[in-house]
Amino acid sequence: MSGSPHSAHALEASGGLAIEGHSIDYIPENERHAKLSSQGPFWFLGNFHFFTISIGFVGPSLGLSALWTMLAGALGIMFGTIFMAFHGSQGPEMGLPQMIQSRAQFGYRGVILALMATMFVFVGFNVVNISLIMNGLEHVFGIDPTIVAIVVVLIGALLSIYGHDLMHKAFKWALLATLPLYALVTIALMFGAGQEGVAPATDLGFSWVAFATLFAIGASYNISYAPYVSDYSRYLPKNTSRPKLIAAVFIGASLSGSWMIGLGAWLAQQLKAADALVALNQVGSSMIPGLGNVLVIVSVAGFLPIIALNTYSAMLTLLTGVDSIKKITPTPRARVMSISAISVILLTCVLSIKGDGIALLNTFLVLLLYFLVPWTAVNLVDYFFVRKGRYAIPHFFTPKGIYGAWQFRGIVSYLIGFAAMVPFFYIFDAAAGKEVFVGPLARMLEGVDIAWLVGLVVSGLAYYLLSRSIDLEYERRIIDSITESDIVAMAHQPVEEGR
């Protein structure tokens, strides 16, 4: 709408560098300037970095061979990407960030339950991300980890402040820079690069516990993108093909994730690698003197947009949470303030938490799967099987609408699903080499972790059954009476007392 208070966003679309005008509000159809062709490469880079390589290290650390690690990781990645890709189709159809949409299942205020889980994911990912960068640059170049942390957090904050368009451009350039280098490393490793002076590869094998753990980690890694995807697809035109968008997200994220986990598995088995950046430096230096340093620098630079990705979605989550308590106007000032607060919290966590990066990664990815699975099951069941993509968008922006302040169907389904998972939990501290918590049923399964599968089925089924009491015909009549001008007016209206 030309009268939208955020029409300054057109500066971005025309190539100017401006702070994105939108955050948790609706994107009017005449401002949907993104292209479907950008989604595949965007999500390809989402997994195409040394963080994903580090996941490949987990298999050999559990005694799983590189070949079995590749298979378990690839299957897990593809399984998790199914959920991620289906969430992506919600962006163009509703023009909203992912967590605003969750108000339909949890309520205007009840969504805070889901927001806490997703905020844990966004901040936690960046804590692990930056810890890996700090450790790697210290080992390769001897750079003070504190300086690295400050610089990385600042760059991530700046990219996320400018927002959607600049981040898409950063992803594009990062992919162009890293693709040839990672391809070179993969080919070189096949011919034995970096293995001079390294003891023969350990004869690793197979175990169901390790295989199931890697599958769960791979699944959780891409399921963890579920709360992100609509944030970066909401600028696509409303008539974007759902099957094509789902395919683009799935192919992009699955290919790169499988490739990087496989590369990490071989680095761990053949080079005894425990740090991705150190391993890349070792392989590069064995080919051409100085190439290893170039690989490390480009890898870190290409990873910075991922830091911004997490910070940007954390900003949307924080603003949604604040708005759920006291209605706010989603201005550029609000986004800057929220990103600044998130960056301070992130830096504090990074400088406070110490420990082995790979062990931290293993434990973190398992935990985040436990928190996210009930939410993704509830959200997708509602979207595809209950309401079938039909929502009264203006009612997302008021606790007095048809979705109410609290939607106990979603909240109860989440809690039931989470409770059902607890007996199947298997949490292992790889750094200390001991079990943290093992549920009685996980003990009976000898540590094979199927808690995430139980959570998916129980939460989804519970929500579907509880949702049979929703008056969908009443909702349909309301939806049919809504125009886009109604949506824009409600999403951008000023603060009112009592809302």
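Scroll up to find the structure.
The text that follows walks through the structure, step by step, so that each part is easy to find.

About the criteria used
- Residues numbered from 1 in each chain as written.
- Predicted model: local features only at pLDDT ≥ 70, side-chain atom pairs only at ≥ 80, totals over all residues.
- Heavy atoms only, no water.
- Helix = DSSP H or I, 4+ residues; strand = E, 2+ residues; numbered from the N terminus.
- Polar contact = N/O pair within 3.5 Å; in protein donor to acceptor, adjacent residues only side chain to side chain.
- Salt bridge = Lys/Arg side-chain N within 4 Å of Asp/Glu carboxyl O.
- Buried < 20%, exposed > 50% of the residue type's maximum accessible area, 1.4 Å probe, protein only.
- Expected span 1.5 Å × (residues − 1).
- Contact = heavy atoms within 4.5 Å.
- Patch = residues over 30% accessible without salt bridge, like charges linked within 9 Å, V, L, I, M, F, W, Y side chains within 5 Å.
- Areas by Shrake-Rupley, 256 points an atom, 1.4 Å probe, with all protein chains shown as cover.
- Phe/Tyr/Trp six-rings, centres within 6.5 Å; stacked < 30°, edge-to-face > 60°.
- Lys NZ or Arg CZ within 6 Å of the ring centre and 35° of its normal.
- Axes fitted to C-alpha atoms, helices over the stretch in contact; angles between N-to-C directions.
- Parallel < 35°, antiparallel > 145°, perpendicular 65-115°, else oblique.
- Left-handed = near helix turned anticlockwise from the far one by under 90°.
- Nonpolar A, V, L, I, M, F, W, Y, C, P; charged D, E, K, R; others polar.

## Side note on the environment of asparagine 310
Examined against the element boundaries, asparagine 310 turns out to sit in helix H15 (residues 291-325). For the pair asparagine 310 and phenylalanine 125, spaced 185 residues apart in sequence, the C-alpha to C-alpha distance is 7.3 Å. Separated by 2.9 Å, the side chains of asparagine 310 and asparagine 126 make a polar contact.

## With respect to the pattern of salt bridges
In this structure the tally under the stated criterion is ten salt bridges. Taking the shortest distance from any N to any O, the salt bridge between arginine 242 and glutamate 93 comes out at 2.9 Å. Of this pair, arginine 242 sits in helix H13 (residues 242-271) while glutamate 93 is found in helix H5 (residues 90-94), placing the two residues 149 residues apart along the sequence. Arginine 242 sits in the partly exposed class, given a relative accessible area of 30%. The salt bridge involving arginine 476 is made with aspartate 480; its shortest N-O contact spans 2.7 Å. Taken together, the positions of arginine 476 and aspartate 480, both in helix H21 (residues 472-480) and four residues apart, correspond to about one turn of that helix.

## Quick look at H13
Along its 30 residues, H13 runs 43 Å from first to last C-alpha, staying within 8% of the 44 Å computed at 1.5 Å per residue. The opening residue of H13, the one whose side-chain oxygen lies 3.3 Å from the backbone nitrogen of lysine 244, is serine 241. At the C-terminal side of H13, lysine 272 shows a positive phi close to 60°.

## Considerations on the environment of methionine 287
If you trace the backbone, methionine 287 turns up in helix H14 (residues 276-287). Setting aside its immediate chain neighbours within four residues, methionine 287 contacts Leu184, Ala188 and Ala193.

## Some remarks on a nonpolar patch on the surface
On the surface, Trp68, Leu71, Leu75, Met78, Phe206 and Trp208 cluster together to form a nonpolar patch covering roughly 580 Å² of accessible area. No other element matches the four residues that helix H4 (residues 66-88) contributes to the nonpolar patch. Examined against the element boundaries, methionine 78 turns out to sit in helix H4.

## Notes on the packing of aromatic side chains
For the coordinates displayed, the defined rule picks out 38 aromatic pairs. Between the aromatic rings of tyrosine 225 and tyrosine 228, the centroid separation amounts to 5.1 Å while the plane-to-plane angle is 70°, which identifies the pairing as edge-to-face. A single burial state applies to tyrosine 225 and to tyrosine 228, both of which are buried. Geometrically, the ring pair formed by phenylalanine 418 and phenylalanine 425 is edge-to-face, given 5.7 Å between the ring centres and 80° between the ring planes. Accessibility expressed as a relative area gives 22% for phenylalanine 418, which makes it partly exposed. Classification of phenylalanine 425 as buried rests on a relative accessible area of 7%. One aromatic cluster in this structure is built from Phe42, Trp43, Phe51, Phe122, Phe125, Phe171, Tyr221, Tyr225, Tyr228, Tyr232 and Tyr312. A cation over a ring is seen here: arginine 103 above tyrosine 108, with NZ or CZ 4.2 Å from the ring centre.

## Description of the packing of helix H10 (residues 164-190) against H15
Running from amino to carboxyl end, H10 crosses H15 at an angle of 150°, the nearest separation of the two axes being 9 Å. One way to sum up the angle between H10 and H15 is to call them roughly antiparallel. H15 is crossed by H10, and the crossing has left-handed handedness. Between H10 and H15, the residues in contact are His164, Met167, Ala170, Phe171, Ala174, Ala177, Thr178, Leu181, Tyr182, Leu184 and Val185 and Leu291, Leu295, Val298, Ser299, Gly302, Pro305, Ile306, Ala308, Leu309 and Tyr312, respectively. Counted by class, the contact of H10 with H15 contains 17 nonpolar, four polar and no charged residues.

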